[in-house]
Amino acid sequence: MADSKSGFSALSLWFQRKMNERTVTKLRRKGTGKMMGMDMLILHTVGRRSGQQRQSPLSWFTDGDAARLIVASGGGSRNPDWYANLLAHPDQAAIELPGSPAVAVSAHKLAGADRDRAWARIVAAQPRYEKYQRKATREYPVIRLTEK
């Protein structure tokens, strides 16, 4: 049965969480921070409804010396849960990079020309995002994460 808010079944949500757990474990064990040719980080958020700690493995892109860009792609028609959690509790976000403890970050959703510049940087680094975006029914949010 599909959840009326997300459109996903309880089984698919459970599967996604299990895959995230496995990916997080693999990233920590390998210590390289790379998957499928992309730099990876672990985003720490707090569940907007549950209040529980969540960890999401995400690809990231450089944005200057101290900032990282992430994309809320989430498979097309809806934003991923981590994005809703980040918006609900932006003051409780952190990122974990390979071999380093989690550090608190400020999250800022980019818009207009700032988003356009960041998007150009992202698709230059990983053209697959352009392909995903063309198939989507919404514009993917781009978030700049800056260490506090």
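A brief look at the structure comes next. (Residues numbered from 1 in each chain as written. Predicted model: local features only at pLDDT ≥ 70, side-chain atom pairs only at ≥ 80, totals over all residues. Heavy atoms only, no water.)

### Brief notes about the packing of aromatic side chains
For the record, the criterion: Two rings from Phe, Tyr or Trp (for Trp, the six-membered ring) form a pair when their centres are within 6.5 Å of each other. A pair whose planes differ by under 30 degrees is stacked, one over 60 is edge-to-face, and the rest are tilted. Comment: elements are numbered from the N terminus, with helices defined as DSSP H or I runs of at least four residues and strands as E runs of at least two. When a residue's accessible area, from a 1.4 Å probe over protein chains only, is under 20% of the maximum for its type it is buried; when over 50% it is exposed; and in between it is partly exposed. Only lysine NZ and arginine CZ atoms are considered, and such an atom sits over a ring when it is within 6 Å of the ring centre and within 35 degrees of the ring normal.
Following the criterion strictly, the structure yields four aromatic pairs and no others. Here Trp 119 and Tyr 140 contribute two aromatic rings whose centre-to-centre distance is 6.5 Å and whose plane-to-plane angle is 65 degrees, an arrangement assigned as edge-to-face. Of the two residues, Trp 119 is situated in helix H3 (residues 112–125) and Tyr 140 in the loop between helix H4 (128–135) and strand E8 (142–147); the sequence distance between them amounts to 21 residues. When sorted by exposure, Trp 119 lands in the same class as Tyr 140, which is buried. Seen in terms of ring centroids, Tyr 129 and Tyr 132 are 5.9 Å apart; in terms of plane orientation they differ by 70 degrees. Their pairing is edge-to-face. Of this pair, Tyr 129 and Tyr 132 both sit in helix H4, separated by three residues, roughly a single helical turn. Under the relative-accessibility criterion, Tyr 129 is labelled buried at 7%. Accessibility expressed as a relative area gives 36% for Tyr 132, which makes it partly exposed. Through a chain of ring-to-ring contacts, three or more aromatic side chains come together here, namely Phe 61, Tyr 129 and Tyr 132. The cationic tip of Arg 68 hangs over the ring face of Trp 60; the distance from NZ or CZ to the ring centre is 4.9 Å. Just above the ring of Trp 119 sits the side chain of Arg 115; from NZ or CZ to the centre is 4.9 Å.

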